Amino acid sequence: MATRVVATATVRAVKGRKLIPTRAALTLTPAAVHRIKSLLQDKPDVIGLKVGVRQRGCNGLSYTLDYASTKDKLDEEVVQDGVKVFIDKKAQLSLLGTEMDFVESKLSSEFVFNNPNIKGTCGCGESFSM
């Protein structure tokens, strides 16, 4: 099955932010929830989005976003405000305490991961290191 890229994502290191214990590994902002709902609106075979991580970019790692039609056995499931986000087992530790946002500007619209766990990002914000 070919991988379909759903959207682009930017990573931001969050300095000085303490990890706050939450029930979910990932929290979604209202803007992210709204965007995910609009992405899934006309796709009855898709049950949510899947967040993964792969080695790529100048800083080592990068997030991937794909449509999910099933939940894999070891995926972490985050349900918030009626949307489901599945976290691939390889990405679970790197996403703990992360906030997923959706940001629109005149030049771009993208998901942004505000992650307190990363040590550094590349200049464009697409890759990160732990």
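Scoring rules and cut-offs
For every chain, the first residue of the written sequence is number 1, and numbering continues from 1 onward in sequence order. Local features in this predicted model are restricted to residues whose pLDDT is 70 or higher, and side-chain atom pairs enter the listing and the counts only when it is 80 or higher, whereas totals over whole chains, interfaces and linings include all residues. Only heavy atoms go into the side-chain values, all of them from the structure, while hydrogens and water stay out. Buried Ala, Val, Leu, Ile, Met, Phe, Trp, Tyr and Cys residues that are joined via side-chain atoms within 4.5 Å together make up what is termed a nonpolar core. Relative accessibility decides the category of a residue: with a 1.4 Å probe and only protein chains considered, values under 20% of the type maximum give buried, values over 50% give exposed, and everything between is partly exposed. Put simply, DSSP marks the helices as runs of H or I at least four residues long and the strands as runs of E at least two long, and each gets a number from the N terminus on. The contact criterion used throughout is that any non-hydrogen atoms of two residues lie within 4.5 Å. Confidence of the predictor in every single residue is expressed as pLDDT, which spans 0 to 100. Strands were regarded as paired on the criterion that DSSP finds at least two bridges between them.

1. Details of the nonpolar core
Next, step 1: Judged by nonpolar contacts, the single largest core of 25 residues is most densely connected at Leu26, Leu28, Ile36, Leu95, Met100, Phe111 and Phe113.
Next, step 2: The element best represented in this core is helix α1 (residues 30-40), accounting for 5 residues.
Next, step 3: When sequence neighbours within four positions are dropped, the list of residues in contact with leucine 26 reads Val78, Gln80, Val85, Ile87, Leu95, Thr98, Met100 and Phe113.

2. Some points on the confidence of the model for the chain
Next, step 1: Looking at the chain, the pLDDT average stands at 78 and 67% of residues meet or exceed 70.
Next, step 2: Within the chain, the element-level pLDDT minimum falls on strand β10 (residues 128-129), averaging 48, and the maximum on α1, averaging 94.

3. Things to note about the pairing of strand β6 (residues 83-87)
Next, step 1: The buried fraction of β6 is high, at 4 of 5 residues.
Next, step 2: Pairing of strand β3 (residues 48-55) with β6 involves 3 bridges; the strand directions are parallel. Counterpart to leucine 49 in the pairing with β6 is valine 85.
Next, step 3: In terms of strand pairing, strand β5 (residues 76-80) meets β6 through 5 bridges, oriented antiparallel. Directly across from glutamine 80, in β6, lies its bridge partner valine 83.
Next, step 4: In textbook terms, the turn of a hairpin is the stretch between consecutive antiparallel strands, and for β5 and β6 this stretch comprises 2 residues, one of which, aspartate 81, has a positive phi near 50°.

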